Amino acid sequence: MVCDRNCGLIAGAVIGAVLAVFGGILIPVGDMLIENKVKKEVVLEEGTIAFKNWIKTGTEVYRQFWIFDVQNPEEVAVNSSKIKVKQRGPYTYRVRYLAKENIIQDPKTHTISFLQPKGAIFEPSLSVGTENDTFTVLNLAVAAAPHLYPNAFIQLILNLFIKKSKSSMFQKRTLKELLWGYTDPFLNLVPYSIPNTVGMFYPHHNTSDGVYKIFSGKDNVNGASFPPFIEKTRVLQFFASEICRSFYAVFGAEINLKGIPVYRFILPSMVFASPLQNPDNHCFCTEKILSKNCTLYGVLDIGKCKEGKPVYISLPHFLHASPEIAEPIEGLNPNEEEHSTYLDVEPITGFTLRFAQRLQINLLVKPTGTIGDEKANMFRNQVTEKINLLGLVEMILLSVGVVMFIAFMTSYCTCRSKSKLGKLNE
């Protein structure tokens, strides 16, 4: 019995030692196996998990819109009062549901070129209303005209078309028109070959941004679209095609997403800093006067990729922006939790499991120089009519003077002729 007991103890010890050795060996071997598997699967090539989810996302991607509905358009237009806005939303669309097209893989350069078709399907169950909900918003064409055509004479001509079309600085539009496009009555009257359809994202449906080219990560996984083994010190870069620029995100916190440990990378306020604080933003400040020589922060000019239109981006409700920018507007409530942009990344594979891109699109409104009706009447009474009266008096005096001059000179010449003729007859 003693032998059996001792043998059992020895056998248990041996088994434990073997398991410990095996476990010790398995740690580096297992890590190596996981690393090799991850490096293989994050490469964008046929048969990998990354490639399958890259061609067509395996999860539904949504884009949600909140619209600022202007509550006092008449007061703003007549008295230049503060703009009172009310946020309405969300209005949700399903996007990124179309597979990438024209995919060409180059094994020599380890790159992939492709087209990303665009589309948006309205999701009523995730929205507060319908696409036919109406909003009082800036008139996109009227607001952009002074910026696109700064010449005073051209602005005068455009103002005639604006009045003839009964357009004004504000308009009522449905959500569908505002986002995806509508025929503008003002632009429809302009007798030149210019597009007369406007919309915040027009054109969108059945279009693409053009050919993209990215690295597959075949020769260097750190250059892949899904770089694995993410460290907290890493700075993540991503491109937003709708606003034609790249952003970067830095580590913010470790969180748990449905049982999966992830790193949350956040968009820092420095991304929207003034060029004085962030020299990388120098090309996103083109308006020197209103921006106080580019010292204001929180908004970036993206007009160069919007056909010259005065389009600016910011975080929602002008989060992290200069106080002067939001001062003329009532109804803004910026907060970090609702209005920040972030990515939740699984650190081993590098896959982004959740991405919240929160941006606000703004339109710069410049004074057009068009005088209001009340001030026009006053100016007409005090200045224009008096000038016209003076001009009338001048014309009368000039006309009378010319008539008298011609009459008297004619009489004088007639008298001289008669006098000479009389002397000849004598």
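These numbers were taken from a predicted model, which means no experiment stands behind them.

**Section: a nonpolar patch on the surface**
Next, step 1: On the surface, Leu148, Tyr149, Phe153, Ile154 and Leu156 cluster together into a nonpolar patch covering about 470 Å² of accessible area.
Next, step 2: A per-element tally of the nonpolar patch places helix α5 (residues 152–164) first, with 3 residues.
Next, step 3: Along the chain, Phe153 turns up in helix α5.
Next, step 4: Take Phe153: its relative accessible area is 56%, and that puts it in the exposed class.

**Describing α5**
Next, step 1: The first and last C-alpha atoms of α5 sit 18 Å apart over 13 residues, in line with the 18 Å expected at 1.5 Å per residue.
Next, step 2: Every buried residue belonging to α5 is among Gln155, Leu158, Asn159, Phe161 and Ile162, and all of these are buried. Viewed end-on, α5 has its buried residues packed into an arc of 165°, placing them on one side of the element. Turned more than 90 degrees away from the buried face of α5, the exposed residues are Phe153, Leu160, Lys163 and Lys164.
Next, step 3: Where α5 begins, one side-chain oxygen reaches toward the backbone nitrogen of Phe153, 2.9 Å away; that side chain belongs to Asn151.
Next, step 4: Just downstream of α5 lies Lys166, where phi reads positive at about 60°.

**Some thoughts on the side chain of Asp184**
Next, step 1: Structurally, Asp184 can be placed in the loop between β8 (182–183) and α7 (185–189).
Next, step 2: Buried and without a salt bridge, Asp184 has Arg173 as its closest oppositely charged side chain, separated by 4.9 Å.
Next, step 3: Only 3.0 Å separates the side chain of Asp184 from the backbone nitrogen of Phe186, close enough to count as a polar contact.

**Some thoughts on unusual backbone geometry**
Residues other than glycine predominantly adopt negative phi, and peptide bonds predominantly adopt the trans conformation.
Next, step 1: Residue Pro90 follows Gly89 across a cis peptide bond; omega there is 5°.
Next, step 2: Considering the arrangement of structural elements, one finds Pro90 in strand β2 (residues 83–95).
Next, step 3: With an omega of -10°, the peptide bond between Tyr202 and Pro203 qualifies as cis.
Next, step 4: Structurally, Pro203 can be placed in the loop between β9 (197–198) and β10 (212–215).
Next, step 5: Despite not being glycine, Asn293 has its phi angle at roughly 60°, a positive value.
Next, step 6: With respect to the helices, strands and loops of the structure, Asn293 is situated in the loop between β13 (260–266) and β14 (299–301).

**Examining the nonpolar core**
Next, step 1: By size, the foremost hydrophobic cluster in this structure holds 26 residues, and its most contacted members are Phe65, Ile67, Tyr93, Leu175, Leu179, Trp180 and Phe186.
Next, step 2: At the level of secondary structure, the elements contributing two or more residues to this core comprise β1 (61–70), β2, β6 (134–138), α4 (140–148), α5, α6 (175–180) and α7.
Next, step 3: Setting aside residues up to four positions removed in sequence, Tyr93 forms contacts with Val61, Tyr62, Arg63, Phe65, Ala120, Ile121, Phe122, Glu123, Glu131, Leu175, Leu179 and Trp180.
Next, step 4: In this structure, Phe247, Val271, Phe284 and Val345 belong to the second largest nonpolar core, which totals 21 residues.

**So, the packing of aromatic side chains**
Next, step 1: Evaluation of the coordinates by the stated rule reveals 16 aromatic pairs.
Next, step 2: On the numbers, 5.4 Å between centres and 80° between planes, the contact of Phe251 with Tyr263 is edge-to-face. One end of the pair, Phe251, is in strand β12 (residues 245–257); the other, Tyr263, is in strand β13, and 12 residues separate them in sequence.
Next, step 3: Given a relative accessible area of 16%, Tyr263 falls into the buried group.
Next, step 4: Taken together, the ring pairs connect Phe51, Trp54, Phe114, Tyr212 and Phe239 into an aromatic cluster.
Next, step 5: For Arg63, the ring lying beneath its charged end belongs to Phe201, and the centroid distance is 5.9 Å.
Next, step 6: Over the ring of Tyr342 we find Arg264; its NZ or CZ atom is 3.7 Å from the centre of that ring.

**Side note on the confidence of the model for the protein chain**
Next, step 1: Taken over all residues, the pLDDT of the protein chain has a mean of 83, while the share at 70 or more is 82%.
Next, step 2: Considering each helix and strand of the protein chain separately, the mean pLDDT is smallest for helix α10 (residues 373–425), with a value of 63, and largest for strand β7 (residues 170–174), with 97.

**A look at the pairing of strand β18 (residues 352–356)**
Looking down a regular strand, the side chains alternate between one sheet face and the other.
Next, step 1: Relative to β18, strand β17 (residues 342–345) runs antiparallel, the two being bridged by 4 bridges. Within β18, the residue paired with Tyr342 across the bridge is Ala356.
Next, step 2: Linkage of β17 to β18, two consecutive antiparallel strands, is achieved through a turn of 6 residues, within which Gly350 is found at a positive phi near 80°.

**Topic: the layout of surface pockets**
Next, step 1: Within this model, the second largest pocket holds a volume of roughly 1,100 Å³.
Next, step 2: Around the second largest pocket sit 41 residues that line it, and Thr197, Val198, Lys306, Glu307 and Lys309 are the ones nearest its centre.
Next, step 3: Looking at the lining of the second largest pocket, the elements with two or more residues in it are α4, α5, α7, β9 and β19 (360–363).
Next, step 4: By residue class, the composition of the lining of the second largest pocket is 29 nonpolar, 6 polar and 6 charged.

**Some details on α4**
Next, step 1: When you tally the buried positions in α4, you get 7 out of 9 residues, the bulk of the element.
Next, step 2: When we look at burial in α4, the residues that qualify are Leu140, Ala141, Val142, Ala143, Ala144, Ala145 and Pro146.
Next, step 3: You can read the cap of α4 off the contacts: a side-chain oxygen lies 3.3 Å from the backbone nitrogen of Ala141, and it is on Asn139.

**Regarding the pattern of salt bridges**
Next, step 1: All chains considered together, the criterion is met by 10 salt bridges.
Next, step 2: Lys118 is the salt-bridge partner of Asp209, the closest N and O atoms lying 2.7 Å from each other. Linking Asp209 in the loop between β9 and β10 with Lys118 in the loop between β4 (111–115) and β5 (121–122), this pair joins segments that are 91 residues apart in sequence.
Next, step 3: Assessed through its relative accessible area of 38%, Asp209 is described here as partly exposed.

**What to know about the sheet that holds β18**
Next, step 1: Within the open sheet, the 5 strands sit side by side as β11-β12-β13-β17-β18. Their pairing is antiparallel. The open sheet has two free edges, formed respectively by β11 (236–240) and β18, since each of these has just one partner strand. With strand direction ignored, the average angle separating the axes of adjacent strands in the sheet is 35°.

The rules behind these values
- Residues numbered from 1 in each chain as written.
- Predicted model: local features only at pLDDT ≥ 70, side-chain atom pairs only at ≥ 80, totals over all residues.
- Heavy atoms only, no water.
- Patch = residues over 30% accessible without salt bridge, like charges linked within 9 Å, V, L, I, M, F, W, Y side chains within 5 Å.
- Areas by Shrake-Rupley, 256 points an atom, 1.4 Å probe, with all protein chains shown as cover.
- Salt bridge = Lys/Arg side-chain N within 4 Å of Asp/Glu carboxyl O.
- Helix = DSSP H or I, 4+ residues; strand = E, 2+ residues; numbered from the N terminus.
- Buried < 20%, exposed > 50% of the residue type's maximum accessible area, 1.4 Å probe, protein only.
- Expected span 1.5 Å × (residues − 1).
- Arc of directions from axis to C-beta.
- Polar contact = N/O pair within 3.5 Å; in protein donor to acceptor, adjacent residues only side chain to side chain.
- Lys, Arg positive; Asp, Glu negative; His and termini not counted.
- Core = buried A, V, L, I, M, F, W, Y, C linked by side-chain atoms within 4.5 Å.
- Contact = heavy atoms within 4.5 Å.
- Phe/Tyr/Trp six-rings, centres within 6.5 Å; stacked < 30°, edge-to-face > 60°.
- Lys NZ or Arg CZ within 6 Å of the ring centre and 35° of its normal.
- pLDDT = per-residue confidence, 0-100.
- Pairing = 2+ DSSP bridges.
- 1 Å grid on protein atoms, 1.4 Å probe; cavity = no way out; pocket = protein on both sides within 12 Å on 5 of 7 lines; lining within 4 Å.
- Points joined across faces, edges and corners; volume = space filled by probe spheres on them.
- Nonpolar A, V, L, I, M, F, W, Y, C, P; charged D, E, K, R; others polar.
- Axes fitted to C-alpha atoms, helices over the stretch in contact; angles between N-to-C directions.

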